[in-house]
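Architecture and fold: a report
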Amino acid sequence: MVEVKKGEEVISVKTFSRGGGDDIAFNKNRKTSNIFTILKTEFNPVLAWTCLLLVCSSFSHGFDNQGFSTIQAMDSFTEQFGEYNTATREYSIPAHFLSYLNSLQYIGFAFGLLLGSIISSKFGRKWCIRLMSGYALITATIAVTSQKKEQILSARVLNYIFIGMEMSVIPVFQAEITPARARGLVVGAFQLSLAVGGLIIHIITNSTSDRENSSAWRIPVGLFFIFPAIVGTLINFVPESPRWLLSQSKGKEALQSLTKLRQGKFSEEEIMEEYKEIEVSLKELELRDGTYLDLLKGTDLKRTLIVIGVNVFQQITGQAFASQYGTLFIKSLGTVNAFQMSIVSAVVGIVAVALILALNDMFGRKVFLYIGLWIQVSSLIAMGGLGTARTATVPMKSGIVAMMNIFTFGYAFGYAPLAYVISSEVPSLKLKDKTYRVGMLMNILFAFLVAFTLPYLLNKPYANLQAKVGFIYGAFSALGLIYTYFFIPECKGKSLEEVDFCFYKGIPLRQFSTYDPQSDEGFSAFKEKYNKAISSTEKVRDSI
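So, how was this worked out
- Residues numbered from 1 in each chain as written.
- Predicted model: local features only at pLDDT ≥ 70, side-chain atom pairs only at ≥ 80, totals over all residues.
- Heavy atoms only, no water.
- pLDDT = per-residue confidence, 0-100.
- Contact = heavy atoms within 4.5 Å.
- Disulfide = S-S within 2.5 Å.
- Core = buried A, V, L, I, M, F, W, Y, C linked by side-chain atoms within 4.5 Å.
- Buried < 20%, exposed > 50% of the residue type's maximum accessible area, 1.4 Å probe, protein only.
- Helix = DSSP H or I, 4+ residues; strand = E, 2+ residues; numbered from the N terminus.
- Axes fitted to C-alpha atoms, helices over the stretch in contact; angles between N-to-C directions.
- Parallel < 35°, antiparallel > 145°, perpendicular 65-115°, else oblique.
- Left-handed = near helix turned anticlockwise from the far one by under 90°.
- Salt bridge = Lys/Arg side-chain N within 4 Å of Asp/Glu carboxyl O.

**A few points about the confidence of the model for the protein**
In this model, the protein carries a mean pLDDT of 84, and residues with pLDDT of at least 70 account for 88%. Predicted confidence for residues 1–28 stays below pLDDT 50, and this span has 59 contacts to residues more than four positions away or in other chains. Ignoring residues within four places in sequence, the model shows residues 533–544, a span with pLDDT below 50, making 24 contacts including any to other chains.

**Some details on the state of the cysteines**
Tallied over the full model, the rule gives zero disulfides. Of the cysteine sulfurs around C491, a residue in no disulfide, the closest is that of C502, at 7.3 Å.

**Some words on the nonpolar core**
Grouped together as the largest cluster of nonpolar side chains are 140 residues, with contacts concentrated most on F77, I129, M383 and Y415. In terms of residue count, the dominant contributor to this core is helix α9 (residues 149–177) (14 residues). In contact with I129, not counting residues within four places along its chain, are L54, V169, I170, F173, V231 and I235. Residues W244, L258, I271 and I278 belong to the second largest nonpolar core, which totals 12 residues.

**Quick look at helix α11 (residues 215–222)**
Burial analysis of α11 places six of its eight residues in the buried class, the great majority of the element. Those residues of α11 not exposed but buried are S215, A216, W217, R218, P220 and V221.

**Side note on the packing of helix α6 (residues 95–103) against helix α23 (residues 432–458)**
The interhelical angle for the contact between α6 and α23, taken along N-to-C directions, is 165°, at an axis separation of 8 Å. Considering their axes alone, α6 and α23 lie roughly antiparallel with respect to each other. For the crossing formed where α6 meets α23, the hand is right-handed. Of the residues in α23, those touching α6 at A95, H96, L98, S99, Y100, N102 and S103 are F448, A451, F452, P455 and Y456.

**Describing the pattern of salt bridges**
Summed over all chains, the structure comprises eight salt bridges. A salt bridge links D64 to R156, with the nearest nitrogen and oxygen atoms 3.2 Å apart. Of this pair, D64 sits in helix α4 (residues 59–71) while R156 sits in helix α9, placing them 92 residues apart in sequence. The residues D64 and R156 share a single accessibility class, namely buried. We note a salt bridge from R365 to E425, for which the minimum N-O separation is 3.1 Å. Taken as a pair, R365 in the loop between α19 (338–363) and α20 (366–386) and E425 in helix α22 (residues 415–425) lie far apart in primary sequence, 60 residues in all.

**A look at the environment of L441**
Summarising the element assignment, L441 is placed in helix α23. L441 sits 335 residues away from Y106 along the chain, and the two C-alpha atoms are 9.5 Å apart. Aside from chain neighbours lying at most four places away, what touches L441 is A110, L113 and L114.

The following block contains the structure:
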């Protein structure tokens, strides 16, 4: 039991101490930053279970995105929803319907993002997850029973309302419950779960692709039921976000939740100190509700532009070419089994994201953004060059497939996971939900634009660029390198409160990595001033 005085009141917190000697040892361990030390020193069973469940939720996103990219290349899907060409005596899906099927879902995504963010802010992270999981079971039913192309298109758009809600709550929830040193690992795991979900669905589609009836694609789509049902049930057994509870003036519940997430790995004093830091920040920085106009004021404008930028470059560098149209494009080359290659691509993505999760909290975010973008630029330009040959040989086509996989590695090694990390740690506390919402809306806009235009860029009778689209997306990747160098701050190892203080002090973005807020006298004065402000606000009166 630890007692901490606040004003005239004493808050008692029940925790499980490791003892003074153990506390010292664990504090020393936290100065090292490898994945095994982080897992050992930061994660108790409750936090580990909560993070694992949240990661499982995003499997559904991987299922939908990668599942549709593969089933649309199946002959049975093409016969069900395509058009018969009397000249070639084959079924094919026209470019305009491919464009609709791979882009219009972002309308549902945008609506879901707004809806999920509002529900999450007003009713809590857990209630948002309950509602979106129940809704996902309805859209899965519509998809698996589809007979006409209008129904399958509607099912995908409606299902992306669920995906948008998921994107609005899962990364934020993860960032709020995770200690600063593990935040990059856990939030980055969101992208890993997308890749793992994609691998699972690719393995299944590869095994069903040879079926001659509609079960070839209905079986994979039927799997959309699994994870929403699991997550919607088990979310009742994890703690709510302490930060959200405090924002709702539920101090007692917030301290209970934080204790459950930290006890056994953090000392009593550390838990109480983290609670006080969250409370100090919220009481001062959220004295008034932030508005969307506040996103354009002062340091919040800079933070908003950073979040918008990382979300734009996550999409505009051409990830949709590999993830949504990759199987179709590889099938059109006629060199390798497109469905087997989708499994290879998924494994490549998982390896890259796993490396990022293991290393980014150790070495920071920006170094991997640089490496990933250099790989993207090189592979895309090389792919475009191979596509300039008038008559592509089999080795050239194989080279194009290889460059697509190298691009996948570069994307998954940088912007794919780290855009979510940066979007969750850069916004100010009082505008976190609104900043993340705007960033994701820009992400959706550019995802829509890329996905909508790709069939027209790739195919006849339109631009028919084929592999030469690599020149377009390679140029955007090069611009991403410049943006990353000048405009993305390095927030490795900093708490959300310390990041906020860096912006408050006006620290240049390229100096974030070397600046230590704890050594600044202003940071101590900042906390002391706000502690005094807290003494006149609502207190936590009951012992926990």
